[in-house]
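# A closer look at the structure
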Amino acid sequence: MIAAQYPALQVVLALLAAPVCLILRRPRAAWAVATVITWISLAIALSLLGRVWETGVILYPMGDWAAPWGIEYQIDTVNAFMLVIVTLIGSVVMPFARASVEAEIEEERIYLFYCMYLLNLAGLLGIAITGDVFNLFVFLEISSLSSYVMISLGRDQRALTAAYRYLVMGTIGATFYIIGVGMMYMMTGTLNMADLATILPAVADSRTIQVALGFLTVGLGLKLALFPLHLWLPNAYTYAPSAVTVFLAATGTKVAVYAFIRIFFTVFGGVEVFNAGFIPEILAVLAALAMIGASVVAIYQTDVKRLLAYSSIAQIGYMVLGISMVTVTGLAGTIVHLFNHAIMKGGLFMAMGCILFKIGSVQLDQFEGLGKRMPVTMAAFVAGGFSLIGVPLTVGFVSKWYLVQAALEKGWWLAVAAILVSSLLAVIYIWRVVEVAYFRPPPKGSAEVSEAPLSMLVPLWILIGASYYFGIDATRTLDIAFVAAETLFGPPQ
Amino acid sequence: MTVELAIILAVAVPFAGAVLIPLAGATPNLRETVTLVCAAILLYLVSVIYPAVAAGGVPEVYLFEMLPGLSVFFLVEPLGMIFAGIASFLWIATSVYSIGYMRAHNEENQTRFYAYFAIALGATMGIAFAGNMLTLFIFYEVLTLSTFPLVAHAGTEDAKRAGRVYLGILLGTSIGLLLLAIIWTWTLTGTLDFTDGGILAGKADGLTVGILLALYTFGIGKAALMPFHRWLPAAMVAPTPVSALLHAVAVVKAGVFTVVKVVIYIFGIDFLFDIGVSEWLQYVAAATILIASLVAMTRDNLKARLAYSTISQLSYIILGAMLVTDLGIIGSGMHIAMHAFGKITLFFCAGAFMIAAHKTEISQMRGIGRAMPLTTLAFFIGSLSVIGLPPMGGLWSKWYLALGTLEAGKLGLLGVLMVSSLLNVAYLLPIPFRGFFSSPQENPPPESSHDHDSEHGHTHDHDRPKGIKEAPVACLIAIGVTSAGCLVLFFFPDPVYELMRMVVAP
């Protein structure tokens, strides 16, 4: 009975719980609510994925208003997988957040954090689950506005400017997106994705639709931090509270990538946009520039959190590269990397959270002797770094394998070179940190061994462990990714 | 015990040792016992596997499916058997040696040292027994990463810089070239299993095969083919046991072993011979042989000279593989074994000179045979084996390599082998000769900047040794065992030869 309502509950639960946190005000109580709601959401997402896997696409008309007039939720393998990624990360972040947030956010604002987190969660889940392009915009705004607030909660004054900058860029992105949606609506009279997919081919040859596609691409490109639209990201990740960075880095841009895929492959699925103009080539070049450029910039960072932020931009390049190949292997590589990068980068940012908690800074020169002072955290950092490099048995290796394979099948030699060079650059920026942490003696007067509390270390190692578990046995995630990619290439539903 | 179980345990036991060693870290004697017990168990396990392989079997153990259609599994064929046998046997010798060496040298962080050493051995076993290229690549990277802490062990600026070179070249080649070659092979053939006769025949045209072969050969940076050889001299900053076992045996032999394995089981000897794309790599290998030998002559630091000698000898093996004739392959496989025993003896002796007489530079070693007669004699034996003179095992591998060049009709390459042997004589034999027949008084005054031990505060005069002063007994035992091995392999090379014959004529 209730299982039939899961698609609605997936979003509504978090949305309703947010004001509850506002009313509760007590930090621990708000934390408890947020945690429980996230875990329930994870259970729902897993059961939805299971159902999609068994029986195929789930259609859920909101309030029983039939599509295309009402809003319809459409769940196939692609977005069921996204729902699992988002809730899974949320579920691991919440236990981590309690101590981390208490250390980094003033006590009277903590309840605000959990309120905003729940709104953000609802927004991201909404983007993933909806089958309506306007509804997607609404959720995009919910998630964006809440993330501006969360970033601005950072202790550092610069968090405010970072949030403001993100606000400006994010608003431009959202506006571009809605302009594109408006133009599509003008030509087709519908907002339902499946409906759009069937009507669009008839009108695709018009200037309006072409311009709409341009607006949609740039709008979503801003949200997913596609080079050169990434300028908001480094500061936002660097100055946000650690728990926020973990959650945003692992889910925010991933959901934007998903929306990008959805628009290109489902909504414009019947139009074959990739055959017209140079869209794949342009995307591939931007992706390669991101992979190389951002990795080079990462090498020169002195703030390790910022270093990881630039690494994220490079990793987003991998995802866009996979999309730009327009093959099942490439797209599967992107989809599996959405998951893989979420867990490894989540883990790495959690390690930053642990270090901030103990040392109070993530400047590289503060890392001296950290291999001895915080052995458990630094071991996790090294293990996560291996994954970023793409050492075998890690998830990073799996993603890279399929992206290289896809590029080889396509004969894109420069893309192959870009992937390999980018992972070699990753060796350099990870190793810079390792050398400081393990080869320099601890500064005098520092405590011998002092680790972050278990409530932070356990989630950290869950994500790091997962990035090895799914690297050693990648068959499950890859099966899902390939089915998802084939779904996207299949006939529009 | 079944052979299958022995295979799994052979890879698992060193890793288990790596877990136990830190637990026993507080009591050095217990810690060293753990190392020795692990090494002994490993040798026993390998001896359990050997009869099955010698009888013509190829035992196989399936582990798990990593990517759809691509699994991790072990498969022991004769070449892998040889490699595993050497590595496991020499681990015991090295363990005994390092106990003497590390204590006499008062090295710090010994627990870490033994733990990573054990991991490196586990990875070596994984490489030897890998059933497909993916499995091999996994352990190949584990070996790179686990030896990094050993190379940078001292933690000094020099060690850090050497560590960067080491990691940069080995990871750079393996990620940039080898991994690409592997994925490319996978997209072409849909398999990465090591198969008799290769998997590429009929799946790729000549140009693609040529590019792939180059990617594999240069991508396997551990084989130290020029121009990707710089990591090996850099790695000499590590403690001597590391240089001895890892950078004369395990790591570098893992490199050339992989090259030979790829040539036989990925490309296929006959297929590669017909296509003829390996010819230019014969000349790259020949050039490496000569250039590295020449560079070795210019090095005064003993370990640096031995490192360049290793680079040169590794290219013998690559050359044999690239000849793609039966005799050349046999020569390659045998050289993996013969060179291992010869070179590890030389490194052991170099370490003994350092800890007992505090000498690292060759120019300081005149008359050292009077103080350390046993070590100098062992150095002489090792030198003979590396040069390839009777009555040492090194003769046989060079014999078959030479026959291989004749079989391929490459007289020029035969000439290279001969010239290089002469160069070997020129840069190795003067050391024991001067050690025995010159007087210590002929040594030039030492340059303190090159004196390794000046950092450790040994300021008293070592240059005029009085009477016999050998290295610790543990070191001498190890040296005796490996130099005896060189002799034994001259009289009994059959097991190695028979295994290699099974490789080329399955």
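Because the structure is a prediction, the values reported are computed rather than measured.

## As for helix 11 (residues 279-298) of chain B
Residue and element names in this part refer to chain B. If you check helix 11, its first and last C-alpha atoms are 30 Å apart, about what 20 residues at 1.5 Å a residue would give, namely 28 Å. Of the positions making up helix 11, those classed as buried are L281, Q282, A285, A286, T288, I289, A292, S293, V295 and A296. The secondary structure elements touched by the buried residues of helix 11 are helix 7 (206-219), helix 12 (302-323) and helix 17 (411-428).

## A few points about the pairing of strand 2 (residues 72-75) of chain A
Residues and elements named next belong to chain A. With burial as the criterion, each face of strand 2 is covered, one bearing E72 and Q74 and the other bearing Y73 and I75. As paired strands, strand 1 (residues 58-61) and strand 2 are joined by 4 bridges and run antiparallel to one another. Counterpart to I58 in the pairing with strand 2 is I75.

## Here we look at the packing of helix 11 of chain B against helix 17 of chain B
Residues and elements named next belong to chain B. Viewed as axis vectors pointing N to C, helix 11 and helix 17 meet at an angle of 15°, and their least axial separation amounts to 9 Å. Here helix 11 lies roughly parallel to helix 17, going by the angle between them. Crossing geometry of helix 11 relative to helix 17 is assigned as left-handed. Judged by residue contacts, Q282, A286, I289, L290, S293, L294, A296 and M297 of helix 11 engage L413, V416, V419, S420, L423, N424, A426 and Y427 from helix 17. For the contact of helix 11 with helix 17, the residue count by class is 12 nonpolar, 4 polar and no charged.

## Examining the interface of chain A and chain B
With 24 residues of chain A at the interface, the matching set in chain B holds 21 residues. Of the residues forming the side of chain A that touches chain B, the biggest block, 8 residues, is contributed by helix 17 (residues 413-439) of chain A. Looking at the side of chain A that touches chain B residue by residue, the class counts come to 16 nonpolar, 4 polar and 4 charged.

## Looking at the nonpolar core
The nonpolar side chains of a soluble globular protein tend to be buried with one another. One finds L118 of chain A together with A10, A87, I318 and F353 of chain B to be the most contacted residues of the largest nonpolar core, which totals 412 residues. With 21 residues, the top contributor of residues to this core is helix 13 (residues 326-357) of chain B. Sequence-distant contacts of L118 of chain A, that is, excluding residues within four places in its chain, are made with A14, A17, A18, C21, A34 and I37 of chain A.

## Considerations on unusual backbone geometry
With omega at 0°, the peptide bond leading from F227 of chain A into P228 of chain A counts as cis. Geometrically, the link from M226 of chain B to P227 of chain B is a cis peptide bond, its omega value of 10° lying close to zero. Secondary-structure assignment places P227 of chain B in the loop between helix 7 and helix 8 (231-234). Backbone geometry places A225 of chain A, a non-glycine residue, at a positive phi of 65°. Along the polypeptide, A225 of chain A turns up in the loop between helix 8 (207-223) and helix 9 (233-239). Even without glycine at this site, L393 of chain A takes up a positive phi of about 80°. Position of L393 of chain A relative to the elements: it lies in the loop between helix 15 (375-389) and helix 16 (395-410). With 21 C-beta atoms packed within 10 Å, L393 of chain A lands in the buried category.

Rules and cut-offs
- Residues numbered from 1 in each chain as written.
- Chains lettered and ligands numbered in written order.
- Predicted model: local features only at pLDDT ≥ 70, side-chain atom pairs only at ≥ 80, totals over all residues.
- Helix = DSSP H or I, 4+ residues; strand = E, 2+ residues; numbered from the N terminus.
- Expected span 1.5 Å × (residues − 1).
- Buried ≥ 20, exposed ≤ 12 C-beta atoms within 10 Å, placed from the backbone.
- Contact = placed C-beta atoms within 7 Å.
- Pairing = 2+ DSSP bridges.
- Axes fitted to C-alpha atoms, helices over the stretch in contact; angles between N-to-C directions.
- Parallel < 35°, antiparallel > 145°, perpendicular 65-115°, else oblique.
- Left-handed = near helix turned anticlockwise from the far one by under 90°.
- Nonpolar A, V, L, I, M, F, W, Y, C, P; charged D, E, K, R; others polar.
- Core = buried A, V, L, I, M, F, W, Y, C linked by C-beta atoms within 7 Å.

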